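Chain by chain, the residues run as shown.
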Amino acid sequence: MGEAALPVLRRLRGSRGRPDGPAASDTVGDHSADAGRASEAWRRQRVEAFSLVDDSRLLQSYRLATLVMRDRDEAEDATQEAIERAWSSWATLRDTGRFDAWFDRILVNVCRNRMRHIRTIRLLPLDDALDLAAADAHEGTATRLSLEPAFVRLSPDQRIIVVLRYWRDLSIEEIAERLGIPAGTVKSRLHYALRTLRAAIESGEEVRR
Amino acid sequence: MSGRRPDTEQAIRDWLADSAPDRAPASLGEALEDATSRPAGDARPWPRAGGQRSLLLVGRLAAALALLAILASGLYLYGNGRPTSTGPGSGSPSASTTPQVSASGTAGPRPSAASPLPRPTVVHLAGSSWRLVSGTFPRMVAPAWAQFEPTVFELSGNGGFVAFVPSPEGVASHRSGGAILAAFTTAGPTSPTSWETRVYRSTDGVTWTAQAFLPNDAATVTAVAEKGGRLVAVGWTGETPNTTATAWTTTDLLTWHANTLPVTPQSDTYSSVSGVAAGPAGFLAWGDAGASSLFWISPDGINWKAIAASGLPAEPLIDAVYGNAQGWEIEGEVSDGSATWQSNLDGAVWTRAWTGPATSSTVGGHYLGPIFKASGGGYVSFGGISEGGGPLAQPNDIQLWTSMDEIHWTLADRVVRPGWMYNFGAVAGGYVGAGQTVIGLGGEQGYGPLGVWTSADGRTWQTLAGLPPIESVQVLSVVGDGIHTVVAFVDQDGILQLLVGGGI
């Protein structure tokens, strides 16, 4: 864990057992002693789970959002929103051990919703594109440059699936579980996305020749 | 750069890895701190048990080891050029029937008479009528993007089942007198440069008979349809990305016509067929050529023409195509949900018939899944739910849909998925789902051994009794012919095995 995360972690660990806010907010509707203990245990589990969100986990989430959205500012906003939504909708997580998958799911949904409201297509910041062009000496740069415009033309769901498949190395079934859609749908969307990207790559290769 | 076509998947991996940022902005840590200082909403916590965080890691390691095992076994296989008892070099060649191949197909000598197979190993599951069948088929390859195709399909005409098994076994001895012919390529560790796809038939799912080889090398079958005693299989030949859309037609599973489907000149570098369905006017196939979606229609499965479909999005996201009395129906996706389109009789004119509920931040998204005739009449679909607000929004649940006409759908029950169950089939008296069980005791969950579940109504699922722990498998299909049910799965070595049962 990086040093920057330590204050967050210490603060979260220090908060274990303290009220998370107004008692009414966490009332579960049953004021019995059992329900109170369950609620307390639930709050504790939430704090414990979030205490494990360290710099590395944040970076992974930010990377995922950046790769899907192709815009670092948007990715930063999306990751922040996902953090907030995850904390406030903790009750939708049935198994704490599946925190990572659950958080990924929230994040990609935030990304998807945000992308649907972005009217204009944004490419990589210009300086990044220039960095890639400067590295043209090595084979494959043209291929990668040709991928960028093709990727941003994909639908939000296709982008998410491509990133989960080829950056996260998730299986079709794992992606289906993350997105809550049938595995066949994942395969279908991946198929179409690959077709588009493949055409872009080959188009770039033709230009180079 | 050489003239070799670039590896699309590797290029994407490289590009994503290159463009991933190195550092996260400091604001994220602050956002975490801010968010976690707030109270949560008034939601009831779910009961949960302690977890074992290492399980997913173990699962990934197992997957990696499985991949290495496949690689190693494949290398051994090709390195030895091992012949097979079911291969053309050692099987029972046909002297009586000459394979018929259309002018557009790729011809090659193929035995076409049914051949007996080695007696399978059949294990009766304790506490159920199901049987585990193994030892019937040769080792399979996964031709496309390391994904196995469904492989086993039901025969709706006369009942029973057909299997299309792509295997490199026998290629070396058949083509080169035992010389090593196949080798891995950059397409993937499980993709050899050549394989043969053999057709098998069974009336009960247990006893199989080898029929014929498809009359093309490197044939991949993605779907089948039947009409008027004719069976059409579709897919492609060759390795991705150099694939050619192909349909194979037969009336007896022994003699096959291969037909290369027509594509526009600009898109003839690669093409493939994703599905096929029988309708009033014949067969409708859908797939892509170059960067374009394509539909093909054929009255008989032999003569095909590409059709210009109107009324569909430019790049329709098609999940499935079904035939009906009016023509064909597409089940697919629009930007924020599911939709269906209905065609006219010749499949050229389409109209959006139904649009599902849109995704929202409060209710999430609901997606149609595979469609089946409901045991009580009408239709049912086992779909999914994307994340939404509210304490009852459970990831991984099944969204059950119902319909009376297969076109217009109504949200029915939300069903807790009993495991990683993503393959469904309609069988006599109900439904069968298959996938992998969940390991872990409520906390950390990972992918366990093969899981099969049965249900009479699609809502309440029971675990199949007596199933031995079969690890590291991929379920390919769940099919039923009205009497028998077959769950086809492949293990990490590419060995196809079957679970065979009756109805529910």
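The rules behind these values
Residues numbered from 1 in each chain as written. Chains lettered and ligands numbered in written order. Predicted model: local features only at pLDDT ≥ 70, side-chain atom pairs only at ≥ 80, totals over all residues. Heavy atoms only, no water. Helix = DSSP H or I, 4+ residues; strand = E, 2+ residues; numbered from the N terminus. Buried < 20%, exposed > 50% of the residue type's maximum accessible area, 1.4 Å probe, protein only. Contact = heavy atoms within 4.5 Å. Areas by Shrake-Rupley, 256 points an atom, 1.4 Å probe, with all protein chains shown as cover. Pairing = 2+ DSSP bridges. Axes fitted to C-alpha atoms, helices over the stretch in contact; angles between N-to-C directions. pLDDT = per-residue confidence, 0-100. Parallel < 35°, antiparallel > 145°, perpendicular 65-115°, else oblique. Left-handed = near helix turned anticlockwise from the far one by under 90°. Nonpolar A, V, L, I, M, F, W, Y, C, P; charged D, E, K, R; others polar.

**Looking at the overall build of chain A**
Stage number 1. Looking only at helices and strands, chain A features ten helices and zero strands.
Stage number 2. For chain A, the α and β elements follow one another from N to C terminus as α-α-α-α-α-α-α-α-α-α.
Stage number 3. By residue count, 59% of the 209 residues in chain A fall in the buried class.
Stage number 4. Residue pairs in contact within chain A that sit at least 24 positions apart in sequence constitute 68% of those at least 6 positions apart.
Stage number 5. Accessible area for chain A stands at about 8,300 Å²; split by element, carbon and sulfur atoms hold 52% of it.

**As for the sheet that holds strand β3 (residues 152–154) of chain B**
All names here are of chain B.
Stage number 1. Taken together, four strands build an open sheet; the order of strands is β3-β4-β7-β8 and the sheet is antiparallel. Of all strands in the sheet, those bounded by a partner on one side alone are β3 and β8 (208–217). Each adjacent strand pair in this sheet contributes to an overall mean axis angle of 25°, direction not counted.
Stage number 2. Direction of pairing for strand β7 (residues 196–202) relative to β8: antiparallel, over a ladder of five bridges. If you follow Ser202 over to β8, its bridge partner there is Trp208.

**Let's talk about the sheet that holds strand β16 (residues 305–307) of chain B**
Residues and elements named next belong to chain B.
Stage number 1. Taken in spatial order, the four strands line up as β13-β14-β15-β16 in an open sheet, and their pairing is antiparallel. With partners counted over all chains shown, the strands left at the sheet margins are β13 (271–279) and β16, one partner each. Each strand axis lies, on average, 30° off the axis of its neighbour in the sheet, ignoring direction.

**Re the environment of Arg414 of chain B**
Stage number 1. Within the element layout of this structure, Arg414 of chain B appears in strand β25 (residues 410–415).
Stage number 2. Once the C-alpha coordinates of Arg414 of chain B and Trp401 of chain B are considered, the two residues, 13 residues apart in sequence, prove to be 9.0 Å apart.

**Quick notes on the confidence of the model for chain B**
Detailed reading of predicted coordinates is not advised where the pLDDT is low.
Residues and elements named next belong to chain B.
Stage number 1. Across chain B, the average pLDDT comes to 75, with 69% of residues at 70 or higher.
Stage number 2. A low-confidence stretch, residues 388–395 stays under pLDDT 50, and its non-local contacts, those more than four residues away or across chains, total 23 contacts.
Stage number 3. The complex model carries a pTM of 0.64, and its ipTM stands at 0.73.

**As for the packing of helix α8 (residues 156–166) of chain A against helix α9 (residues 172–179) of chain A**
All names here are of chain A.
Stage number 1. At a minimum axis distance of 10 Å, the contact between α8 and α9 shows a crossing angle of 135°. Regarding the angle of α8 to α9, the classification is oblique. The handedness of the crossing between α8 and α9 comes out as right-handed. The segment α8 lies against α9, with Ile160, Ile161, Leu164 and Arg165 engaging Ile172, Ile175, Arg178 and Leu179.
Stage number 2. Across the contact of α8 with α9, the residue classes tally to six nonpolar, no polar and two charged.

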